[in-house]
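# A closer look at the structure
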Amino acid sequence: MSSSSSSSSSLEQPRVITCKAAVAWRAGEPLVMEEVEVSPPQPLEIRIKVVCTSLCRSDLSAWESQSLLPRIFGHEAAGIVESIGEGVTEFEKGDHVLAVFTGECGSCRHCISEKSNMCQVLGMERKGLMHSDQKSRFSVKGKPVYHYCAVSSFSEYTVVHSGCAVKVDPVAPLDKICLLSCGVAAGLGAAWNVADVQKGSSVVIFGLGTVGLSVAQGAKLRGAAQIIGVDINPAKAEQAKTFGVTDFINSNDHSEPISQVIKRMTGGGADFSFECVGDTGIATTALQSCSDGWGMTVTLGVPKMKPEVSAHYGLFLAGKSLKGTLFGGWKPKSDIPSLIEKYMNKEIMIDELVTHNLAFDDINKAFDLMREGKCLRCVLHMPN
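Residues numbered from 1 in each chain as written. Predicted model: local features only at pLDDT ≥ 70, side-chain atom pairs only at ≥ 80, totals over all residues. Heavy atoms only, no water.

Labelled according to an unreviewed UniProt entry, the protein appears under the name Alcohol dehydrogenase-like 6 isoform X1, originating from Camelina sativa. For the record of the protein, the UniProt heading Sequence similarities (unreviewed entry) holds the text "Belongs to the zinc-containing alcohol dehydrogenase family." In UniProt, the protein has this text filed under Subunit (unreviewed entry): "Homodimer." (UniProt positions renumbered as here; feature names shortened; annotations may be inferred.)

Encoded structure:
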């Protein structure tokens, strides 16, 4: 990495940094390590030296199907502030931070409401550009490269809006808490904030990846009496017990509809049902699997295909409800520090979800492991 912004003078303006990034040039093809230029942070932005970043299934799905290319993926990340843009008062150089894919401006209608975390200013960025000026901060040989989810952490340095970063306790291990910038927080929040799982209740979770296991952990901590995990990978059965799953169903082992199996196991349907796969057909199955009268289904997954959910209106007449959630309902700046505190106090498990630690150069191996269903979270470590 080379930089011309290493002067000890605090008055010197940040300059362009050249560093390594894993660039996706074509959908589904191996990422290529490139020398990229990273622009200085613009007003209200910060530039982060990424310390570690974990691979989320959303990265994999987008990489397989995206048309916005070339692009730098990655959105579960932790690092250290390298420089700040004009008007930034919340951060200073050297702060430890999590980058988050959905921000919190603190002043829009949704940010001031206790009912929502859907910031109207810094919500999900889908154009591959910065929120502020609709431009990229990355380029390769003078040609712009798209961002991903306003984070783009598969790069040694990245630029994010200051509203899409959370200052964290420097004692907290960045290689673990990076999982709280998406998957773990999403699962815990779905159980606690969205469903509000009650003690003694029955829960069914479709998909036992990082998000599904985090839902299970959240339900267990709330005192759920029965937590059923559904997955087509039998290797996940034993691991799921650690996170509170009491019963495992491999849907490939049953000829009858899984919703019927679950109704029989729960005496009429689960109190809470969670779709953590990213499949709208499974969202329908989850809805069919919850109880008449009060059963709630929460969908967390991001579907690659068929984004429309179809369900017979009779399911809703029977009193069932279907809810969606982004990031588990957490307001990132307001709420993530408390989750980090819970982790530091050993109240929630994160370490057990990290199945692989790899060097940044091995990023394509991480993609292979996730595609083959052989990992929960691969944490990629940047060179010092």
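### Comments concerning helix α10 (residues 363-371)
All of the buried residues in α10 are Ile363, Ala366, Phe367, Leu369 and Met370. Down the axis of α10, the buried set is contained in an arc of 160 degrees. They therefore lie on one face. Check the buried side of α10 and you find it contacts β2 (17-23), β3 (32-38), α1 (57-65), β17 (354-359) and β18 (377-381). One or two steps after α10, the chain reaches Gly373, where phi turns positive at roughly 70 degrees. (Buried < 20%, exposed > 50% of the residue type's maximum accessible area, 1.4 Å probe, protein only. Helix = DSSP H or I, 4+ residues; strand = E, 2+ residues; numbered from the N terminus. Arc of directions from axis to C-beta. Contact = heavy atoms within 4.5 Å.)

### Concerning the packing of helix α3 (residues 183-194) against helix α4 (residues 210-221)
Packed helix pairs are specified by the crossing angle of their axes together with the interaxial distance, meaning the distance between the axes. α4 packs onto α3 with a crossing angle of 40 degrees between their chain directions and a minimal axis gap of 7 Å. Relative to α4, the element α3 is oriented oblique. Here α3 and α4 pass one another in a crossing that is right-handed. Contacts from Gly183, Val184, Gly187, Leu188, Ala190, Ala191 and Trp192 in α3 reach Thr210, Val211, Ser214, Val215, Gln217, Gly218, Ala219 and Leu221 in α4. (Axes fitted to C-alpha atoms, helices over the stretch in contact; angles between N-to-C directions. Parallel < 35°, antiparallel > 145°, perpendicular 65-115°, else oblique. Left-handed = near helix turned anticlockwise from the far one by under 90°.)

### A short note on the packing of aromatic side chains
Summed over all chains, the structure comprises 5 aromatic pairs. Between Trp192 and Trp330, the ring centres sit 6.3 Å apart and the planes meet at 90 degrees, which makes this aromatic pair edge-to-face. Note that Trp192 is positioned in helix α3 and Trp330 in the loop between β16 (321-324) and α9 (332-344), a separation of 138 residues in sequence. Take Trp192 and Trp330: they sit in the same class, and that class is buried. One aromatic cluster is present, formed by Trp63, Phe154 and Phe367 through successive ring pairs. (Phe/Tyr/Trp six-rings, centres within 6.5 Å; stacked < 30°, edge-to-face > 60°.)

### Describing the nonpolar core
In this structure, Phe154, Leu180 and Phe274 are the most contacted members of the largest nonpolar core, which totals 96 residues. In terms of residues, this core owes the most to one element, α3, which gives 7 residues. Membership of the second largest hydrophobic core comes to 11 residues, among which are Ala77, Val97, Ala99 and Val160. (Core = buried A, V, L, I, M, F, W, Y, C linked by side-chain atoms within 4.5 Å.)

### What to know about the pattern of salt bridges
Summed over the entire model, instances satisfying the criterion amount to 16 salt bridges. Residue Lys20 is joined to Asp361 by a salt bridge in which the shortest nitrogen-to-oxygen separation is 2.7 Å. Here Lys20 is found in strand β2, whereas its partner Asp361 is found in the loop between β17 and α10, with 341 residues between them in sequence. Taking relative accessible area as the criterion, Lys20 reaches 23% and is therefore assigned partly exposed. A salt bridge links Arg137 to Asp133; the nearest nitrogen and oxygen atoms lie 3.0 Å apart. Assessed through its relative accessible area of 31%, Asp133 is described here as partly exposed. (Salt bridge = Lys/Arg side-chain N within 4 Å of Asp/Glu carboxyl O.)

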